[in-house]
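What follows is each chain in one-letter form.
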Amino acid sequence: MMASRPLIFASLILIIAITFQPFFKTLIFVQLGIGRAHQKIDEFPYDCQRLRHPLLDSCEDMVIDTEGRRIYAACSSVVGRMGWMPNNDKFNTTLRQKTDHITILPLDVPPSTVLSNLRTLALPTTYQSSASNQEIDTLALTIEQVSPDRLRLFAVNHRPPVGMDPETYGANSTIEVFELERGGGELEYVKTIWSEGVVKTPNNLVGDGEGGVWVTNDHDAKVGKLRVLEIFRGGGSVAYCPPSKSSCHLAAEGIFNFANGIARDTSGLIYVSNSALGTVTVLSHNSTTQLLTHIHTIEVRMPIDNLSLDPNGDIYVAAFPDVLGLVLASSSSAERDVGSSVFRVRKVVKEGGELAWDVEKMMEDVEGRVLPMATVVVHDAETGNLWLGGIASPYITLCERRKE
């Protein structure tokens, strides 16, 4: 006997509800933030100011050289990002401004003189892009110390493909490796890492301290209509590229949902932000196989972006309390005030040696009055100041901690 149509329909609804229950729960409570309490910037012990300058336009990622007392920022232009940003399915190369750069900000000057002390890192003549010139399409960067006077810099470079349709092929992404004298203004080209099947959709990266690098892929595929389904089924991975010229390999996959920011602490633990889930995945590292194992999930309960580690071992997380505002700002070059949040994740050791992580909201500007639509926040542990940048913001923000 055939089941009635209403019964079949009800059964299908039940199956869909059960299957996608985790997604809808995340959509309602994490991404849309239904029922979540938000705060204004005035409620926090910081005095913040926007710093506007052409060299501080669309700074998606920043990193602090604590000993050198400088910030290095991966910047572009909001207009250019609206056309060419492969991570967000924007493949219009005609809007590329070809002005991407790495800006240096001094930490130990009065805030009023920061803008007059900006400079950029010069690309060396030994570096060439895929089009045989010196342009770079930078998204993220990280640095590590080679010696007391030298730094190594890794940068995600979303090069357009040459002679191919980018909407069909995607970006011809690479990891560029440079070195520089601490305090110097010119990069020295070391090598280009290219791994077509492994480093496919690079978003962020962190060095291993030995010349190797861990890279997040935010999607499983460069292009395609099925990419949109990754918000349902998950997607992304972490790749490892060793110091030698041997091939990169996937170190972790199948456990992410838009793998984004990445950080590595002094114990060797790797932290990866799952932007769509509002969580940070903690992974242990096997030094023999160079594979990663999921050991813990940290709940931030808000869509998140990049991670940064300060000298205290604390992780600072840039988060988005207003997802709808984020979507609107990401689809237009018009300046919008979009809310931002900052969380601190602190590792603690419980009795018996068990590891745990405390999450604390350090700052929130739900109105977007002062903070950029922050995709990164870095903490200057020496002063207590926070510096924030945003991929869709034509400025960065300096937040000075008030003296108690």
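Predicted model, so just to flag it, every value in this text is computed and none were measured.

About the cut-offs
Residues numbered from 1 in each chain as written. Predicted model: local features only at pLDDT ≥ 70, side-chain atom pairs only at ≥ 80, totals over all residues. Heavy atoms only, no water. Pairing = 2+ DSSP bridges. Helix = DSSP H or I, 4+ residues; strand = E, 2+ residues; numbered from the N terminus. Axes fitted to C-alpha atoms, helices over the stretch in contact; angles between N-to-C directions. Patch = residues over 30% accessible without salt bridge, like charges linked within 9 Å, V, L, I, M, F, W, Y side chains within 5 Å. Areas by Shrake-Rupley, 256 points an atom, 1.4 Å probe, with all protein chains shown as cover. Salt bridge = Lys/Arg side-chain N within 4 Å of Asp/Glu carboxyl O. Buried < 20%, exposed > 50% of the residue type's maximum accessible area, 1.4 Å probe, protein only. 1 Å grid on protein atoms, 1.4 Å probe; cavity = no way out; pocket = protein on both sides within 12 Å on 5 of 7 lines; lining within 4 Å. Points joined across faces, edges and corners; volume = space filled by probe spheres on them. Nonpolar A, V, L, I, M, F, W, Y, C, P; charged D, E, K, R; others polar. Phe/Tyr/Trp six-rings, centres within 6.5 Å; stacked < 30°, edge-to-face > 60°.

Engineer: Got a minute to help me understand the sheet that holds strand β23 (residues 355-365) in this structure?
Structural biologist: Backbone-to-backbone hydrogen bonds pair the strands of a sheet. The strands run either parallel or antiparallel. With antiparallel pairing, the four strands of this open sheet are ordered in space as β20-β21-β22-β23. The two strands at the open ends of the sheet, each matched to only one other strand, are β20 (304-309) and β23. Neighbour-to-neighbour, the strand axes of this sheet turn through a mean angle of 25 degrees, independent of strand direction. As paired elements, strand β21 (residues 315-319) and strand β22 (residues 340-349) share five bridges and run antiparallel to each other. Directly across from A319, in β22, lies its bridge partner S341.

Engineer: Just to check I follow, could you spell out a nonpolar patch on the surface for this structure?
Structural biologist: A cluster of nonpolar side chains, contributed by L226, V228, L229, I231 and F232, occupies part of the molecular surface with about 450 Å² of accessible area. Inspection of the secondary structure assignment puts F232 in helix α5 (residues 230-233). For F232, a relative accessible area of 39% gives the class partly exposed.

Engineer: I would appreciate a short explanation of the sheet that holds strand β16 (residues 259-264) in the present structure.
Structural biologist: The four strands lie next to each other as β16-β17-β18-β19, forming an open sheet whose pairing is antiparallel. Lying at the two open borders of the sheet, with one neighbouring strand each, are β16 and β19 (291-299). Taken over all neighbouring pairs, the strand axes of this sheet differ in orientation by 25 degrees on average, direction set aside. Across five bridges, strand β17 (residues 270-274) lies against strand β18 (residues 279-286) in antiparallel orientation.

Engineer: Help me understand empty space enclosed by the protein in this model?
Structural biologist: Any empty space left between atoms is shown by rolling a water-sized probe over those atoms. Summed over all chains, the structure comprises four cavities of 30 Å³ or more. The calculated volume of the largest cavity comes to roughly 130 Å³. Put simply, the parts of the chain that give the lining of the largest cavity at least two residues each are α3 (78-83), β4 (84-85) and β8 (138-147). Classifying every residue of the lining of the largest cavity by side-chain character gives four nonpolar, seven polar and five charged. Counted as a void, the second largest cavity has a volume near 70 Å³. Looking at the second largest cavity, it is lined by 13 residues, and the ones nearest its centre are A329, A334, E335, R336 and A392. The residue inventory of the lining of the second largest cavity, partitioned by class, reads eight nonpolar, three polar and two charged.

Engineer: Explain the pairing of strand β13 (residues 213-217) here, please?
Structural biologist: Consecutive side chains along a regular strand alternate between the two faces of the sheet. Of all five residues in β13, five are buried; the element is thus mostly enclosed. Burial along β13 is two-sided: the residues V213, V215 and N217 and W214 and T216 are all buried. As defined by bridge partners, strand β12 (residues 202-207) adjoins β13 across five bridges and the pair is classed as antiparallel. Counted as the bridge partner of L205 is V215 from β13. Taking the residues between adjacent antiparallel strands as the criterion, β12 and β13 are bridged by five residues, where G209 takes a positive phi near 85 degrees. By the bridge criterion, five bridges tie β13 to strand β14 (residues 237-241) in an arrangement that is antiparallel. By the bridge assignment, V215 is partnered in β14 with A239.

Engineer: Whenever I open this one, the packing of aromatic side chains confuses me. Can you help?
Structural biologist: Two aromatic rings are characterised by how far apart their centres lie and by the angle between their planes. For the coordinates displayed, the defined rule picks out six aromatic pairs. Geometrically, the ring pair formed by Y127 and Y189 is tilted, given 6.0 Å between the ring centres and 55 degrees between the ring planes. Highlighted residues: Y127 in the loop between β7 (119-120) and β8 and Y189 in strand β11 (residues 188-193), separated in sequence by 62 residues. Taking the centre distance of 6.3 Å and the plane angle of 75 degrees together, the rings of Y271 and W357 count as edge-to-face.

Engineer: I would appreciate a short explanation of the pattern of salt bridges in the present structure.
Structural biologist: Side chains that differ in charge, positive against negative, can pair when their charged atoms come close. Per the stated rule, a full pass over the model turns up 25 salt bridges. R150 is paired through a salt bridge with E179; the nearest N and O atoms lie 2.9 Å apart. Here E179 lies in strand β10 (residues 174-181) and R150 lies in strand β9 (residues 150-157), a separation of 29 residues in the sequence. For E179, a relative accessible area of 16% gives the class buried. Through salt bridges with shared partners, one network takes in E144, R150, R152, E179, E181 and E188.

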